[in-house]
Amino acid sequence: MTTDGPIFDDSFRARLADLIAWRRDVRAFRDTPVPAGTFERLVSLACLAPSVGLSQPWRFVRVADPARRAAVRANFERCNAAALAAQADERARIYATLKLAGFDQAPEQFAVFTDRSTEQGHGLGRHTMPEMADYSTVAAVFTVWLAARAEGLGLGWVSILDPAEVTAALDVPADWRFVGYFCLGYPEHEDDVPALERAAWERRREFQRFIFDR
Ligand SMILES: Cc1cc2nc3c(=O)[nH]c(=O)nc-3n(C[C@H](O)[C@H](O)[C@H](O)COP(=O)(O)O)c2cc1C
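The structure displayed is predicted, hence computed values, not measured ones.

1. Here we look at the overall build of the chain
Okay, step 1: Secondary structure summary: the chain contains 7 helices and 4 strands in total.
Okay, step 2: From first element to last, N terminus to C terminus, the chain shows the α and β order α-α-β-α-α-β-α-β-α-β-α.
Okay, step 3: The globule rule puts the C-alpha radius of gyration for 214 residues at 17 Å, and the 19 Å found for the chain is close to it.
Okay, step 4: Summarising its shape, the C-alpha atoms of the chain cover approximately 60 × 45 × 45 Å along the three principal directions.
Okay, step 5: Burial statistics for the chain: of 214 residues in total, 25% are counted as buried.
Okay, step 6: Nonlocal contacts in the chain, meaning residues at least 24 apart in sequence, comprise 84% of its contacts between residues at least 6 apart.

Written as structure tokens, this is what we have:
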């Protein structure tokens, strides 16, 4: 059954553009706790994201246990040190100044995996491109990212990790594919410029260069 949906007017579109422009990858958090029920609300919105064959292959693993958090953090430290060592000299100087995770302050932390073998969706759309399941999970992550920002929360994606080690540390099925580890909390500050741009690591380019006509 279809019904008339809500009207999205100019003012809503302007606010939506603000939301998109002011979403940031956040690595510095205030110590204010995230209210109970927030994580569930964000995941419930994420579950409205598109997914191949309606497979909903995303798996959100909330990590509260201090020992598991410490294991993931230690893994990040090792991987980040290796990434720093691999940088050319002039880049290493900037890399060393970058804060690339907010483990210490983030009140809420979770990992996201894809269950590529889920029976939900009956394999529709995954026959030639099984990675469609992973893309579906990323769509869910981005939904959380925007929904969190709309509540004044910041989300930080941590990917400088060894997937097999994170999978083991969190005791999830070995065939789940690790997508990312996420830090959630109230940001220390708000910005419409990415942290990497502020740190002179990289800058965003104009959208025109990403459009190709054939
Ligand atoms: C797939 C993916 C992995 C990322 N991994 C990390 C990470 O490990 N550490 C980090 O600080 N930021 C990470 N980021 C955040 C990006 O650095 C950030 O999105 C980019 O610099 C643009 O900044 P913005 O998200 O604030 O617009 C990741 C982002 C994506 C989409």
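Read on for the rest.
2. Observations regarding the site of the ligand
Okay, step 1: All residues in the neighbourhood of the ligand are listed as R24, D25, R27, L100, A101, W157, V158, S159, I160, P194 and L196.
Okay, step 2: Within the shell around the ligand, the residues separate by chemical class into 7 nonpolar, 1 polar and 3 charged.

3. A short note on helix α5 (residues 132-150)
The α-helix advances 3.6 residues per turn, and as a result positions three or four apart in sequence lie on the same side.
Okay, step 1: For α5, which comprises 19 residues, the first-to-last C-alpha distance of 27 Å matches the rise-based estimate of 27 Å (1.5 Å per residue) to within 8%.
Okay, step 2: Buried within α5 are the following residues: M132, A133, S136, T137, A140, V144, W145, A147, A148 and R149.
Okay, step 3: Of the residues flanking the end of α5, it is G152, one or two places downstream, whose phi is positive at about 80°.

4. A few points about the sheet that holds strand β2 (residues 108-114)
Okay, step 1: Strands sit in the order β1-β2-β4-β3 across an open sheet of 4 strands; the sheet is antiparallel. This sheet does not close on itself; its edge strands, each paired only once, are β1 (58-62) and β3 (154-158). Put simply, the sheet's adjacent strands are angled 25° from each other on average, direction ignored.
Okay, step 2: The pairing of β3 with strand β4 (residues 177-185) spans 5 bridges and is antiparallel. Pairing of G154 across the sheet is with G185, part of β4.

5. A closer look at unusual backbone geometry
Both trends apply: most residues other than glycine have a negative phi, and most peptide bonds are in trans.
Okay, step 1: With phi around 40°, Q56 is a residue other than glycine that occupies positive phi space.
Okay, step 2: Mapped onto the fold, Q56 is located in the loop between α2 (38-46) and β1.
Okay, step 3: What makes Q56 buried here is the crowd of 21 C-beta atoms within 10 Å.

The rules behind the values
Residues numbered from 1 in each chain as written. Predicted model: local features only at pLDDT ≥ 70, side-chain atom pairs only at ≥ 80, totals over all residues. Helix = DSSP H or I, 4+ residues; strand = E, 2+ residues; numbered from the N terminus. Rg over C-alpha atoms; globule rule 2.2 N^0.38 Å. Buried ≥ 20, exposed ≤ 12 C-beta atoms within 10 Å, placed from the backbone. Contact = placed C-beta atoms within 7 Å. Near = placed C-beta within 6 Å. Nonpolar A, V, L, I, M, F, W, Y, C, P; charged D, E, K, R; others polar. Expected span 1.5 Å × (residues − 1). Pairing = 2+ DSSP bridges. Axes fitted to C-alpha atoms, helices over the stretch in contact; angles between N-to-C directions.

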